[in-house]
Amino acid sequence: RWGPEEERLAALLTGVRDAEIVVAFQNRAEGVEPPLPVVDVSDAFLAAAGLAAVPDWGWRCGDYSLYALRGARPDAEFYWLVEPDVHFTSHPEGFFELFRDDRTDALGYQLQPYGRDMRFSRQLRGLPVMQAIFALTRFSGAAIDHVFAHRRAAGQGPVSARYFPNDELFMFSHVAAEPSLE
């Protein structure tokens, strides 16, 4: 959808210096035209990219938006994902400025090991399972490329809709397991 929350966030982010704001829209309805460039993340994109279309992929697999965005804007070094339920208490320019010189491949709020055995972590056996709040994250292009290959592999063959890993565990666990990424 494109409504008041999306308008509010777009207005705030549009004023951030040196930022190219792009809407990653999941299964956009006909006639919905946000006032910003759009990268469509649709069922057709999933099929073409070799990604599993679990029934709740729009909620569970926010990382799919990063893969689509990376494909549409391959020259960016870093990609922020900011969901409409994120609220900045002041203009966000200062927040993003804090990370301007940070070269870390994956940034997330409350990044920490995930010790629970729950359905979204069961297919990540053998990895250091990590979690973070996914609504406000930043990944390097290298991190997105690395994890995209793993996500495509995870979607090949029969996929358990119940146990298919969610975005935060999948992304942060695969980045943490790759020595070439920080």
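One can find the structure itself at the top, above this paragraph.
Description of the structure in this document. (Residues numbered from 1 in each chain as written. Predicted model: local features only at pLDDT ≥ 70, side-chain atom pairs only at ≥ 80, totals over all residues. Heavy atoms only, no water.)

For a regular strand, side chains alternate in direction, first toward one face of the sheet and then toward the other. Within strand S3 (residues 78-82), four of the five residues are buried, leaving the element largely enclosed by the surrounding structure. Pairing analysis gives five bridges linking S3 to strand S5 (residues 130-140), with the strands arranged antiparallel. Paired with Phe78 across the two strands is Ser140, which belongs to S5. (Buried < 20%, exposed > 50% of the residue type's maximum accessible area, 1.4 Å probe, protein only. Helix = DSSP H or I, 4+ residues; strand = E, 2+ residues; numbered from the N terminus. Pairing = 2+ DSSP bridges.)

It is worth spelling out the side chain of Glu93 at this point. By the element assignment, Glu93 lies in helix H5 (residues 93-97). Taking relative accessible area as the criterion, Glu93 reaches 18% and is therefore assigned buried. Aside from chain neighbours lying at most four places away, what touches Glu93 is Gly15, Val16, Arg17 and Arg100. (Contact = heavy atoms within 4.5 Å.)

Turning our attention to the sheet that holds strand S4 (residues 106-113). Pairing is antiparallel in the open sheet, where three strands are placed in the order S3-S5-S4. Looking at the sheet topology across the chains shown, the edges are occupied by S3 and S4. Here the strands of the sheet are splayed against their neighbours by 35° on average, with no regard to which way each runs. Strands S3 and S5 of the sheet are contacted by helix H4 (residues 63-72), whose axis makes an angle of about 140° with S3. Packing against the sheet, helix H7 (residues 167-177) makes contact with S4 and S5, and its axis sits at approximately 65° to S5. (Axes fitted to C-alpha atoms, helices over the stretch in contact; angles between N-to-C directions.)

The next point concerns the side chain of Arg151. With respect to the helices, strands and loops of the structure, Arg151 is situated in helix H6 (residues 141-154). Accessibility expressed as a relative area gives 0% for Arg151, which makes it buried. At 2.8 Å, the side chain of Arg151 and the side chain of Asp63 are in polar contact. What Arg151 contacts, discounting residues up to four positions off in sequence, is Leu51, Cys61, Asp63, Tyr64, Tyr67, Phe164, Pro165, Asn166, Asp167 and Phe170. (Polar contact = N/O pair within 3.5 Å; in protein donor to acceptor, adjacent residues only side chain to side chain.)

Let us now look at the packing of H6 against H7. Taken N-terminus to C-terminus, the directions of H6 and H7 make an angle of 120°; their axes are 9 Å apart at the nearest point. The angle between H6 and H7 falls in the class oblique. The handedness of the crossing between H6 and H7 comes out as right-handed. Seen from H6, the contacting residues are Ala143, His146, Val147, His150, Arg151 and Ala154; seen from H7, they are Asp167, Phe170, Met171, His174 and Val175. Class assignment for the residues of the contact of H6 with H7 results in six nonpolar, three polar and two charged. (Parallel < 35°, antiparallel > 145°, perpendicular 65-115°, else oblique. Left-handed = near helix turned anticlockwise from the far one by under 90°. Nonpolar A, V, L, I, M, F, W, Y, C, P; charged D, E, K, R; others polar.)

This part is about H4. A large share of H4 lies buried, amounting to eight of its 10 residues. Along H4, the residues that are buried comprise Asp63, Tyr64, Ser65, Leu66, Tyr67, Ala68, Leu69 and Arg70.

For Asp145, the position within the fold is in helix H6. You can call Asp145 partly exposed: its relative accessible area is 38%. Asp145 sits 98 residues away from Ala47 along the chain, and the two C-alpha atoms are 18 Å apart. A polar side-chain atom of Asp145 sits 2.8 Å from a polar atom in the side chain of Arg70.

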